[in-house]
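Chain residues, written in single-letter form:
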Amino acid sequence: RRLVSESPSALEAVLPGQKADLFALVAELLEIARGAVGRAWRSSGLAAISAATTIAGSRPPSPLSNPGPLTPSGASSGQVGAEEAAANYEAGVEAALDFVLAAGAWDRVALPSLNARLLRLASLLDVRLLQQLLRDLFAHTVALAGGASAAPGLAQKLEDAAMAVEVRVASS
């Protein structure tokens, strides 16, 4: 990174076709990640909570909005289940998007993830386009969690990840 910042002419020009090919790969990676996020949503239990609440006639829930009956300890069984489902979903999202988080960690080598290295390369070519693609995926991810107000920690973590892919040449 330091060599590039000191002498940008050291890099060869990237042809438009090469950029298009790279972003086609990135789009494919993000579509696969979208599928993994969907699987995390279904396996976490949030899908069942959302379906049960929708069938009951209310709007789609936030993970913590379905209190359910109280347990003997005084805690709401639905709330405990929803909180556990939300935690499971967040863990699943982190696993599905680990390559995005690795790509944004510019102070570390993005090994062994080829996906993270492709995101870094895309960031060098067109960071705004990459961030838009990531934000589209992240909006879907947060919507499955019940929205940004239902999962503020997840929403912030994903926004931080989108910003982190920006090249940090000056910090090296």
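Residues numbered from 1 in each chain as written. Predicted model: local features only at pLDDT ≥ 70, side-chain atom pairs only at ≥ 80, totals over all residues. Heavy atoms only, no water.

Some details on the confidence of the model for the chain
Stage number 1. Scored by pLDDT, the chain has a mean of 81; 73% of the residues are at 70 or more.
Stage number 2. The secondary structure element of the chain with the lowest average pLDDT is helix α1 (residues 2–6), at 65, and the one with the highest is helix α2 (residues 16–44), at 95.
Stage number 3. In this model residues 63–78 is a low-confidence stretch, pLDDT under 50, and it forms 29 contacts with partners more than four residues away in sequence or in other chains. (pLDDT = per-residue confidence, 0-100. Helix = DSSP H or I, 4+ residues; strand = E, 2+ residues; numbered from the N terminus. Contact = heavy atoms within 4.5 Å.)

Looking at the packing of α2 against helix α6 (residues 114–144)
Stage number 1. Following both chains from N to C, one finds α2 and α6 inclined at 30°, their axes separated by 9 Å at the closest point. Classified by the angle between their axes, α2 and α6 sit roughly parallel to one another. Like other packed secondary-structure pairs, α2 and α6 cross with a definite hand, here right-handed.
Stage number 2. Its residues assigned to classes, the contact of α2 with α6 shows 19 nonpolar, four polar and four charged. (Axes fitted to C-alpha atoms, helices over the stretch in contact; angles between N-to-C directions. Parallel < 35°, antiparallel > 145°, perpendicular 65-115°, else oblique. Left-handed = near helix turned anticlockwise from the far one by under 90°. Nonpolar A, V, L, I, M, F, W, Y, C, P; charged D, E, K, R; others polar.)

Side note on α6
Stage number 1. Look at α6: only 27 Å from first C-alpha to last across 31 residues, short of the 45 Å you get at 1.5 Å a residue.
Stage number 2. The largest bend in α6 comes to about 125°, at Asp126.
Stage number 3. Immediately beyond the C-terminal end of α6, within one or two residues, lies Gly146, with a positive phi of roughly 105°. (Expected span 1.5 Å × (residues − 1). Bend = angle between axes of the 7 residues up to and from the residue.)

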